[in-house]
Amino acid sequence: MNDDVRNIVLGLIATAISAALGWLARTYLWRRKLRRKQAFFGLPENSESLLVVNRDSATAEPAVHRFDVFALLELSALIKECGAHLRMVTQDAAQQGFGERTEFCVGGPASNRRMVAHMAAMLPGVRVNTGPEPGPDRAAFQIGAEHYRMDPGVTEYVLLARLSAGRQTRPVFLFCGQRAITNQAATRYLARNHERLARKHGAGSFVLLLKVVNSQAYGPDLVEVVADVTRAAQAPLPATPAAPTETPAEQGRGAGPAARRNSSAGA
């Protein structure tokens, strides 16, 4: 074997070794990224997850708004990327506890009974105006002492929450928006930013208030983080003090001289 042939063979061997090392490095990084994603979502390989579908509150029929359908499709893609399986149920058929499997619950309390139960159990500091009356407070959020009103198509809010009872339990993800398009905005935000959220919050619980800006022009794409409201959302709202009532004796003591004279005269 002359020197030229030897150099060619050595070059081919070096190229093959470099390609193999590069493939192994990429595979390792891809698997590490996948494991982190699976840990954040609580979706190990071949695990089961629950996707709770809301209904369109604007119709009497059991229908799903098209923006909520888009949200469900984005969540389905996330679940499949983790190698997990999903079971889709309607909001009035999800009669089971939480923690055994990862759950994704979409829709505000006006369209999702399951969301009502989760908020009552895990987010006692949040109130949503579900009244049908039109006005500035329709679908408004109260989080602690703060109020967030909706300006349809211009400024709308949505809660994105990851709630977990402990490291041994699977998380519940809540997408509670003032309109259907805000639910899709929250799912898209989660899909794009789950790595940053995992670095910041780890496997713990968090509740983020997101603002969807000018959805009539930009759809669900322009989203801003208003605040991390975890502490306020998980603390019970302060009770509204009731108006003090007076007993008849206290009313008599509080009456002025003229009133007591009129009472004596009437007697």
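The structure this text deals with has already been given above.
First things first, this report covers the structure right here in the doc. Being a predicted model, the structure only gives us computed values, none of them experimental. (Residues numbered from 1 in each chain as written. Predicted model: local features only at pLDDT ≥ 70, side-chain atom pairs only at ≥ 80, totals over all residues. Heavy atoms only, no water.)

**Observations concerning the side chain of S215**
Spelled out, the test is: Each helix is a run of H or I in the DSSP string that is no shorter than four residues. Each strand is a run of E no shorter than two, and both are numbered from the N terminus. Residues adjacent in sequence count toward polar contacts only when both atoms are side-chain atoms; beyond that, a polar contact is any pair of N or O atoms within 3.5 Å, and within protein one must be able to donate a hydrogen and the other to accept it.
Note that S215 resides in helix α5 (residues 215-218). A polar contact is formed between the side chain of S215 and the side chain of E156, at a distance of 2.9 Å.

**A short note on the packing of aromatic side chains**
The cut-off we apply is this: Classification of ring pairs uses Phe, Tyr and Trp, with its six-membered ring standing for Trp, and accepts pairs whose centres are within 6.5 Å; under 30 degrees between planes counts as stacked, over 60 as edge-to-face, and the remaining range as tilted. Two conditions define a charge sitting above a ring: the NZ of Lys or the CZ of Arg must be within 6 Å of the ring centre, and it must be within 35 degrees of the ring normal.
Going through the model one piece at a time under the given rule, you end up with eight aromatic pairs. Residues F40 and F206 carry aromatic rings whose centres are separated by 6.4 Å and whose planes lie at 15° to one another, so their mutual orientation is stacked. Residue F40 is found in helix α1 (residues 3-41), and its partner F206 is found in strand β9 (residues 206-213); the two are separated by 166 residues along the sequence. One aromatic cluster is present, formed by F40, F41, F104, F173 and F206 through successive ring pairs. Positioned over the ring face of F67 is R66, at 4.3 Å from the centre of the ring. Lying across the ring of F40, R162 places its NZ or CZ 5.3 Å from the centre.

**With respect to a positive patch on the surface**
To keep it simple, the criterion reads: Two distance rules govern patches: like charges are joined within 9 Å, and nonpolar side chains (Val, Leu, Ile, Met, Phe, Trp, Tyr) within 5 Å, applied only to residues with over 30% relative accessible area and no salt bridge. In these tables, accessible area is a Shrake-Rupley quantity obtained with a 1.4 Å probe, and a residue counts as shielded only by the protein chains included in the view. Here, a salt bridge means any Lys or Arg side-chain nitrogen found within 4 Å of an Asp or Glu carboxyl oxygen. By the counting rule applied here, Lys and Arg register as positive and Asp and Glu as negative, while His and the ends of each chain are not counted. The atoms used to mark charge sites are NZ of Lys, CZ of Arg, CG of Asp and CD of Glu.
Judged by side-chain charge, R31, R32, R35, R36, R196, R199 and K200 come together as a positively charged surface patch. At the level of elements, α1 and α4 (180-201) are the ones that each hand at least two residues to the positive patch. Tallying contributions element by element places α1 first for the positive patch, with four residues. Checked against the element boundaries, R36 lands in helix α1.

**Some remarks on the sheet that holds strand β4 (residues 126-128)**
The test is simple: Pairing between two strands requires that DSSP report at least two bridges joining them. Interaxial angle, 0 to 180 degrees, is taken between N-to-C directions of lines fitted to C-alpha atoms, where a helix line uses only the stretch in contact.
If you trace the three strands from one edge of the open sheet to the other, you get β4-β5-β6, paired in antiparallel fashion. Each end of this open sheet is capped by a strand with a single partner; those strands are β4 and β6 (146-148). Neighbouring strand axes in the sheet, compared pairwise and without regard to direction, differ in orientation by 15° on average.

Function cannot be read off these values alone, since they describe shape.
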